[in-house]
Amino acid sequence: MGILSCLLILHLLWAASVFCQYEDYDFEDEYGGEPDQHPYYFNHNTQAEVPHFPFPVECAKECLCPPAFPLSMYCDHRKLKIIPNIPNHVQQLYLQHNNIEAVPAGPFTNATFVREINLSYNNIKFHMIDHGVFAKLSNLLQLHLQHNELEEFPFPLPSSLERLLLGFNKISHLPGNALEGMPNMTMLDLCNNLLDDSAFKDKPFSNMKNLTQLNLCNNKLQTMPPDLPSSLQHLSLENNSISHIPENYFNRLPQIIALRMSHNNLQNIPHNTFHLPNLLELHLGHNKLKQVFYIPRSLQHLYIEDNEIENINVTLMCPTLDPLNIKQLTYIRVDRNKLTSPISTYAFFCFPLIRTIYYGEQNVTGSSPSQLRTPVFRRFLTPEEFQEAEDNHEILNQETEEDHEAEDSYFHSYYH
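Residues numbered from 1 in each chain as written. Predicted model: local features only at pLDDT ≥ 70, side-chain atom pairs only at ≥ 80, totals over all residues. Heavy atoms only, no water.

Looking only at helices and strands, one finds six helices and 16 strands in the chain. Per-residue burial over the chain gives 48% buried out of 416 residues. The long-range fraction of contacts in the chain, counting pairs at least 24 apart against all pairs at least 6 apart in sequence, stands at 51%. Total accessible area computed for the chain in this model is approximately 20300 Å², and 51% of it derives from carbon and sulfur atoms. (Helix = DSSP H or I, 4+ residues; strand = E, 2+ residues; numbered from the N terminus. Buried < 20%, exposed > 50% of the residue type's maximum accessible area, 1.4 Å probe, protein only. Contact = heavy atoms within 4.5 Å. Areas by Shrake-Rupley, 256 points an atom, 1.4 Å probe, with all protein chains shown as cover.)

What follows covers the pattern of salt bridges. Summed over all chains, the structure comprises six salt bridges. Among the ionic pairs, aspartate 335 bridges to arginine 333, the shortest N-O distance being 2.7 Å. Side by side, aspartate 335 and arginine 333 carry an identical accessibility label, which is buried. (Salt bridge = Lys/Arg side-chain N within 4 Å of Asp/Glu carboxyl O.)

Time to look at the packing of aromatic side chains. All chains considered together, the criterion is met by eight aromatic pairs. Taking 5.0 Å as the distance between ring centres and 85 degrees as the angle between the ring planes, the aromatic pair formed by tyrosine 249 and phenylalanine 250 counts as edge-to-face. Taken individually, tyrosine 249 and phenylalanine 250 each receive the classification buried, so the pair is uniform in this respect. For the pair tyrosine 346 and phenylalanine 349, a centre-to-centre distance of 6.4 Å together with 35 degrees between the ring planes defines the contact as tilted. What makes tyrosine 346 partly exposed here is its relative accessible area of 31%. The exposure class of phenylalanine 349 is exposed, given its relative accessible area of 59%. (Phe/Tyr/Trp six-rings, centres within 6.5 Å; stacked < 30°, edge-to-face > 60°.)

Our next topic: a nonpolar patch on the surface. Taken together, the side chains of Leu321, Tyr346 and Phe349 define a hydrophobic patch exposed on the protein surface, amounting to about 310 Å² of accessible area. Position of tyrosine 346 relative to the elements: it lies in the loop between strand S12 (331-333) and helix H4 (347-350). (Patch = residues over 30% accessible without salt bridge, like charges linked within 9 Å, V, L, I, M, F, W, Y side chains within 5 Å.)

Let us look at the state of the cysteines. This structure, assessed with the given rule, holds three disulfides. Across the disulfide, cysteine 59 is cross-linked to cysteine 65 (sulfur-sulfur distance 2.1 Å). Handedness here is read from the sign of the S-S torsion; for cysteine 59 and cysteine 65, about 80 degrees, the answer is right-handed. Here cysteine 65 falls in the buried class, since its relative accessible area comes to 14%. Disulfide pairing is shown between cysteine 63 and cysteine 75; the S-S distance is 2.1 Å. The disulfide joining cysteine 63 to cysteine 75 has a torsion of about 105 degrees about its S-S bond and is therefore right-handed. (Disulfide = S-S within 2.5 Å.)

Counting through the fold element by element, tyrosine 121 comes out in the loop between strand S3 (116-118) and strand S4 (142-144). Separated by 23 residues in sequence, tyrosine 121 and histidine 144 place their C-alpha atoms 9.3 Å apart.

A separate point is the nonpolar core. Formed by 95 residues in total, the largest nonpolar core has its most connected members in Phe134 and Phe205. Secondary-structure elements contributing two or more residues to this core are helix H3 (314-317) and H4. Ranked by the residues each element gives to this core, the list is headed by H4, at three residues. (Core = buried A, V, L, I, M, F, W, Y, C linked by side-chain atoms within 4.5 Å.)

What follows covers unusual backbone geometry. Proline 156 follows phenylalanine 155 through a cis peptide bond whose omega is 5 degrees. One non-glycine residue, histidine 147, lies in positive phi territory at about 60 degrees. Here histidine 147 shows up in the loop between S4 and strand S5 (163-165). Positive phi outside glycine occurs at histidine 263, with the angle close to 60 degrees. Relative to the helices and strands, histidine 263 is located in the loop between strand S9 (258-260) and strand S10 (281-283). Under the relative-accessibility criterion, histidine 263 is labelled buried at 14%.

Now for the confidence of the model for the chain. Looking at the chain, pLDDT values average 83 and 77% of them are 70 or higher. Contacts from residues 14-47, a stretch scored under 50 in pLDDT, to residues over four places away or in other chains number 58 contacts. (pLDDT = per-residue confidence, 0-100.)

With that settled, consider the environment of lysine 290. With respect to the helices and strands, lysine 290 occurs in the loop between S10 and strand S11 (301-303). Sequence-wise, lysine 290 and asparagine 311 are 21 residues apart; in three dimensions their C-alpha atoms are separated by 8.5 Å.

Here it is in structure tokens:
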């Protein structure tokens, strides 16, 4: 056997031994970070051109650079206190779940091509981030800084950035220029911070022309954030203290697909508030609503559980019938209201596609929680759909209140 053949076999055995260390490790779960409805994929057409490098590639001694992922460096869960030097070929850098407190410029000196940095679950403070360290990374697309100790928004940032995750920090204000020069930003997560209405006095989102998802859940908002960009499709405002939606608020947001406003203090919804052409999913559970409101033709899933509704007025939801443009509503959740009778059968003329109405238990005044005769109404289900609904109902009955709050606390595309 030739020398080259022997070397090849030894090399393959070495690669297999490294890979086997991680054969049960789910890289997609830990580093893809995007479960559920809206997974994120890099745009390969814009991928930075990496110079040729020999194999095996250079790697920081504290980290792992598997042959199967030659452009990635995995430094997570290693009790690191400082960021190691980053070789210039690295495009994905994973440093989550460490004890890092500072982000100095030195380790990033050669990180010319880095496109994703995950620094979540560390102890980073704003004043410990070297000024401009991220702004110099001209190919950076995605930055994870959730679950840290940031007191301020970490700017300046590179204009290339598309996704920024800042959830679970201590950010209380947004400087007016913090988000200027960010033409490519499509997703911004600021859930679980200390933002109140004063944080938006400078209208920080008004010039973000490509922003499609904004997460502001679990903050201290009392009013709707002003001047959101018309490009927005997903808006998360649950777990705040918002008590009112201005009547024409959503006129500037015609592309909204999903709106989450559960766990607020809403008492009344102006009739045409949600007259939106693309709205598919609307969460208004755990508020103080006393009556329903107009349902747009596009809406498919409506959640109004745990409110104070005594009667579902179908005429308010559907003032007119249009056989040529039937409404798309298929699912309503109305449990934990004050209903004493099921929804009128007139609803099936207005919403002919309704398949499930979840009544659950009702909080009828002066008595313990009670169930209507039919806790779950199902209609026109195939055997397969019926079994799926049964399975979903069993799961729902097993969930605790904490489970519901955890489920409602983010859009499906919020990441761990």
